[in-house]
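The chain contents come next:
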Amino acid sequence: MRVAIAEDSAILRDGLAQLLIDRGHEVIAAVPDGDALRAFVARDQPDVCVIDIRMPPSFTDEGLRAAIALRRTYPELGVLVFSQYVETRYAAELLAGSARGVGYLLKDRVADVREFVDALTRVAQGGTALDPEVVAQLLGAGRRTDTLAALTPREREALEAMAEGLSNAGIAARLVVTERAVEKHVANIFTKLGLPPSDTDNRRVLAVLRYLDGS
């Protein structure tokens, strides 16, 4: 992957860059704020950006605004926002257009380097990577309950794992079931959410968006 990092903490910024370089990825930019990131991407677009939400000058939403602006200009660019906190309004705004190539991870919960790199790779490839706490708080922020009322508890668990970006194999491991069982759950989810087969739409992404609808 070709990665750009925007993080105001020099220690964290350099640490992220080094762990990615050590694993064979190319860090083409490591900058301290959103403006510098946008300027760099305009010159040399990476595969994915890692962006802290709170950066100078106000340390509120500069990173988020940079992420949204980049997604609007470069729809295929993967964006993974990194934060100390769950900002439900910010997360919902970032996901409003499309969940393809979007990630939201909490810094304190990323203890496993391999899991972080796997999540970043997934986002770079057009998948999603949402921290479970982000998913839980988005749901708690208010959603249309009628959309999901038809799902069984097991199907809801599978959809929640899907929203975090897990593959069928990952979902099977979490739920301690076979991949075949997960395939049945996923097929039922698509049917109940009114998502027929399509050559142009990614039904997993659409299901995640439906899951987060109204947040």
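Residues numbered from 1 in each chain as written. Predicted model: local features only at pLDDT ≥ 70, side-chain atom pairs only at ≥ 80, totals over all residues. Heavy atoms only, no water.

**Considerations on the pattern of salt bridges**
Rules: Definition used for salt bridges: Asp or Glu carboxyl oxygen within 4 Å of a side-chain nitrogen of Lys or Arg. Type-normalised accessible area, obtained with a 1.4 Å probe on protein chains alone, sets the label of each residue: buried when under 20%, exposed when over 50%, and partly exposed for intermediate values.
Enumeration over the complete set of coordinates arrives at 12 salt bridges. The shortest N-O distance in the salt bridge between Arg65 and Asp61 comes to 3.1 Å. Arg65 sits in the partly exposed class, given a relative accessible area of 45%. For Asp61, a relative accessible area of 17% corresponds to the buried category.

**Description of the nonpolar core**
The tendency in soluble globular proteins is for nonpolar side chains to be buried side by side. As a reminder, the rule being used: The criterion is simple. A nonpolar core is a set of buried Ala, Val, Leu, Ile, Met, Phe, Trp, Tyr and Cys residues joined through side-chain atoms within 4.5 Å. By the criteria applied, helices consist of DSSP H or I runs no shorter than four residues and strands consist of E runs no shorter than two, each listed in order from the N terminus. Any two residues whose heavy atoms approach within 4.5 Å are treated as being in contact.
Leu37, Ile51 and Leu159 are the most contacted members of the largest nonpolar core, which has 52 residues in total. In terms of residue count, the dominant contributor to this core is helix α8 (residues 153–163) (5 residues). Excluding anything up to four places from it in sequence, Ile51 contacts Ala6, Leu37, Gly63, Ala67, Leu70, Val79, Leu80, Val81 and Phe82. With 17 residues, the next largest nonpolar core counts Leu20, Val50, Ala119 and Leu120 among its residues.

**Some points on the pairing of strand β2 (residues 26–31)**
The condition is simple: Should DSSP find at least two bridges between two strands, the strands are regarded as paired. Looking down the strands as they point away from the viewer, one classifies a crossover as right-handed if the path from the first strand across the helix to the second runs clockwise.
Relative to β2, strand β1 (residues 2–6) is paired through 5 bridges, and the arrangement is parallel. Pairing of Ile5 across the sheet is with Ala30, part of β2. Taken together, β1, helix α1 (residues 10–22) and β2 constitute a β-α-β crossover, and its handedness is right-handed.

**Here's the deal with the environment of Arg13**
Tracing the sequence through the fold places Arg13 in helix α1. You can call Arg13 buried: its relative accessible area is 13%. On a C-alpha basis, the gap between Arg13 and Val31 in space is 7.8 Å, while along the polypeptide they are 18 residues apart. If we ignore the near neighbours within four places in the chain, the residues touching Arg13 are Ile5, Glu7, Asp8, Ala30, Val31 and Pro32.

**A short note on the side chain of Asp131**
Keep this limit in mind: For the purposes of these results, a polar contact is taken to be a pair of N or O atoms within 3.5 Å, where, inside protein, one atom must be able to donate a hydrogen and its partner to accept one; residues adjacent in sequence count only when each atom of the pair is a side-chain atom.
If you trace the backbone, Asp131 turns up in the loop between β6 (128–130) and α6 (132–140). Polar side-chain contacts of Asp131 include one of 2.8 Å to the backbone nitrogen of Glu133.

**Describing helix α11 (residues 203–211)**
Every α-helix winds through 3.6 residues per turn, so residues three or four apart in the chain are directed the same way. Stated formally: Starting at the helix axis, one direction is taken to each C-beta atom, and the arc is that of these directions.
Turning to α11, its buried residues are Val205, Ala207, Val208 and Tyr211. Along the axis of α11, the buried positions cluster into a sector of 160°, meaning they face one direction only.

**Some thoughts on the packing of α8 against α11**
Our working rule: Each axis is a line fitted through C-alpha atoms, taken for helices only over the stretch in contact, and angles between the N-to-C directions span 0 to 180 degrees. The cut-offs work like this: below 35 degrees is roughly parallel, past 145 is roughly antiparallel, 65 to 115 is roughly perpendicular, and the gaps in between are oblique. Charged residues are taken to be Asp, Glu, Lys and Arg, nonpolar residues to be Ala, Val, Leu, Ile, Met, Phe, Trp, Tyr, Cys and Pro, and polar residues to be all remaining types, Gly included.
It is the contact of α8 with α11, at a shortest axis distance of 9 Å, that shows an interaxial angle of 105°. Between α8 and α11, the angle falls in the class roughly perpendicular. From α8, Leu159, Glu160, Met162 and Ala163 reach across to α11, where they touch Arg204, Ala207, Val208 and Tyr211. Its residues assigned to classes, the contact of α8 with α11 comprises 6 nonpolar, no polar and 2 charged.

**Some words on the confidence of the model for the chain**
Rules: As a per-residue measure, pLDDT reflects the predictor's confidence and takes values from 0 up to 100.
Mean pLDDT over the chain: 85, with 90% of residues reaching 70 or higher. By mean pLDDT, helix α7 (residues 145–148) is the weakest element of the chain at 60, and β1 is the strongest at 97.

**Here's the deal with the packing of aromatic side chains**
Where we set the bar: For Phe, Tyr and Trp, where Trp contributes only its six-membered ring, two rings pair if their centres lie within 6.5 Å, and the inter-plane angle classes them as stacked under 30 degrees, edge-to-face over 60, or tilted in between.
Applying the stated criterion to the full structure yields 1 aromatic pair. Relative to Phe116, the ring of Phe82 has its centre 5.5 Å away and its plane inclined at 40°; by these criteria the two rings are tilted. Linking Phe82 in strand β4 (residues 78–83) with Phe116 in helix α5 (residues 113–124), this pair joins segments that are 34 residues apart in sequence. The class for Phe82 is buried, based on a relative accessible area of 4%.

**Observations regarding the environment of Thr128**
Position of Thr128 relative to the elements: it lies in strand β6. Taking the relative accessible area as the measure of exposure, Thr128 reaches 8% and is therefore buried. With 50 residues separating them along the chain, Thr128 and Gly78 place their C-alpha atoms 9.2 Å apart.

**A short note on the sheet that holds strand β3 (residues 48–52)**
Ordered in space as β2-β1-β3-β4-β5-β6, the 6 strands form an open sheet in which the pairing is parallel. Only two strands of the sheet have a single neighbouring strand rather than two, namely β2 and β6. Strand after strand, the sheet turns through a mean of 20° between neighbouring axes, direction not considered. Along the sheet, helix α2 (residues 34–43) makes contact with β1, β2 and β3, crossing β2 at roughly 140°.

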